[in-house]
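Structural overview for review
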Amino acid sequence: NAGVTQTPKFQVLKTGQSMTLQCAQDMNHEYMSWYRQDPGMGLRLIHYSVGAGITDQGEVPNGYNVSRSTTEDFPLRLLSAAPSQTSVYFCASSPPTGTITEAFFGQGTRLTVV
Amino acid sequence: AQSVTQLDSQVPVFEEAPVELRCNYSSSVSVYLFWYVQYPNQGLQLLLKYLSGSTLVKGINGFEAEFNKSQTSFHLRKPSVHISDTAEYFCAVNRMDSNYQLIWGAGTKLIIKP
């Protein structure tokens with residue numbers, strides 16, 4: 001059982017480049033989300049989705065886009081990378097219980113923007 | 001709005017000593033409460049959760065936490081720590097009324113001294 005899979009694990013981008021962080025889950029979870037983790041700040045929600053075709057902004061959405069064409073996949077796009085987006089990114093999913101009773105996390109993507 | 005405060009950014013403790021990691025929250029509605037652990041260079045893993053029922057919750061790896069509604073706290077405890085408990089620990093809350101957003105504390109690094 002793979003759970004939540006994120007790719008790539010590491011990435012270095014130049015300022016202005018774009019890229020997509022991939023996230024896939026095989027647990028048939030409706031709810032998926034993207035967080036960024038910065039030292040001393042915990043996890044901050046970027047975007048989330050409550051099902052295929054439905055997405056919404058979290059606390060820090062600027063500079064990021066998402067889409068949810070299938071239940072399994074929830075990619076995060078950086079439109080024009082900036083050094084402020086250097087961070088560790090986590091994807092998470094939760095079972096369809098109407099609210100979050102547990103979140104399952106991927107292993108993270110460590111992104112450096114130079 | 002909800003918020004989560006983890007009162008200590010780092011907690012050093014000797015191996016085999018007891019430890020308590022503190023978490024306080026504020027919310028105008030009832031919440032679910034979680035503790036997650038992040039080992040170095042890993043994703044987040046659920047340690048334990050309080051959804052309802054007994055206020056003393058037991059989790060994995062010998063950890064337990066007590067929900068105190070009057071003090072709005074959910075402190076994490078372990079009677080005897082091991083070097084393998086070295087990690088960062090995150091407290092999080094989620095509203096019970098159909099809300100999909102987990103609110104996170106900033107994290108507490110548990111440092112085990114030999």
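Let me begin by describing the structure that accompanies this report.

What counts, and at which threshold
- Residues numbered from 1 in each chain as written.
- Chains lettered and ligands numbered in written order.
- Predicted model: local features only at pLDDT ≥ 70, side-chain atom pairs only at ≥ 80, totals over all residues.
- Heavy atoms only, no water.
- Salt bridge = Lys/Arg side-chain N within 4 Å of Asp/Glu carboxyl O.
- Buried < 20%, exposed > 50% of the residue type's maximum accessible area, 1.4 Å probe, protein only.
- Helix = DSSP H or I, 4+ residues; strand = E, 2+ residues; numbered from the N terminus.
- Contact = heavy atoms within 4.5 Å.
- Polar contact = N/O pair within 3.5 Å; in protein donor to acceptor, adjacent residues only side chain to side chain.
- Buried area = accessible area lost by both parts, 1.4 Å probe.
- Nonpolar A, V, L, I, M, F, W, Y, C, P; charged D, E, K, R; others polar.
- Pairing = 2+ DSSP bridges.
- Axes fitted to C-alpha atoms, helices over the stretch in contact; angles between N-to-C directions.

**Quick word on the pattern of salt bridges**
Inspection of the entire model under this criterion finds 8 salt bridges over all chains. Linking Arg44(A) and Asp38(A) is a salt bridge whose minimum nitrogen-to-oxygen distance equals 2.8 Å. Grouping residues by exposure puts Arg44(A) and Asp38(A) together as buried. Between Glu64(B) and Lys58(B) there is a salt bridge whose closest N-O contact spans 2.9 Å. Glu64(B) sits in the partly exposed class, given a relative accessible area of 22%. Its relative accessible area of 62% is what places Lys58(B) among the exposed residues. Each member of the salt-bridge network shares a partner with another, and the members are Arg36(A), Asp38(A) and Arg44(A).

**A word on the environment of Val4(B)**
Residue and element names in this part refer to chain B. By the secondary structure assignment, Val4 is in strand β1 (residues 3-6). Residue Val4 is classed as buried on the basis of its relative accessible area of 13%. Spatially, the C-alpha atom of Val4 lies 6.8 Å from that of Ile103, the residues being 99 residues apart in sequence. Look past the residues within four positions of Val4 in its chain and what remains in contact with it is Cys23, Asn24, Tyr25, Cys91, Val93, Ile103, Trp104 and Gly105.

**Points about the side chain of Ser93(A)**
Residue and element names in this part refer to chain A. Along the polypeptide, Ser93 turns up in strand β9 (residues 87-94). Looking at Ser93, its side chain comes within polar contact range of the side chain of His29, at 2.7 Å. Setting aside its immediate chain neighbours within four residues, Ser93 contacts Val4, Gln25, Met27, His29, Tyr31, Met32, Glu102, Ala103 and Phe104.

**Some points on the interface of chain A and chain B**
Contacts between the two partners involve 22 residues from chain A, matched on the other side by 24 residues from chain B. Note on chain A versus chain B: buried area summed over both sides is about 1900 Å², and carbon and sulfur give 55% of it. On inspection of chain A and its partner chain B, the count reaches 1 salt bridge. Across the salt bridge formed by Glu102(A) and Lys49(B), the nearest N and O atoms sit 3.5 Å from each other. Our enumeration of links across chain A and chain B arrives at 5 residue pairs in polar contact (both at pLDDT 80 or more). Elements with a contribution of two residues or more to the side of chain A that touches chain B: β4 (31-37) and β5 (43-51) of chain A. If you tally residues by element for the side of chain A that touches chain B, the top one is β5(A), at 4 residues. For the side of chain A that touches chain B, the residue count by class is 11 nonpolar, 9 polar and 2 charged.

**So, the environment of Thr112(A)**
All names here are of chain A. Counting through the fold element by element, Thr112 comes out in strand β11 (residues 109-113). Distance from Thr112 to Phe10, taken between C-alpha atoms, is 8.2 Å for residues 102 residues apart in sequence. For Thr112, the contacting residues outside a window of four places in its chain are Gln11, Val12, Leu13 and Thr86.

**Considerations on the sheet that holds strand β7 (residues 64-66) of chain A**
Residues and elements named next belong to chain A. A sheet is described by the order of its strands in space; here 4 strands give the open sequence β1-β3-β8-β7, paired in antiparallel fashion. The sheet is open, and its two borders are formed by β1 (4-7) and β7, each paired with just one other strand. Strand-to-strand twist in this sheet, taken as the mean axis angle between neighbours without regard to direction, amounts to 20°. Of the pairings in the sheet, the one linking β7 to strand β8 (residues 76-78) comprises 3 bridges and is antiparallel in character. Following the sheet pairing, Val66 is matched in β8 by Leu76.

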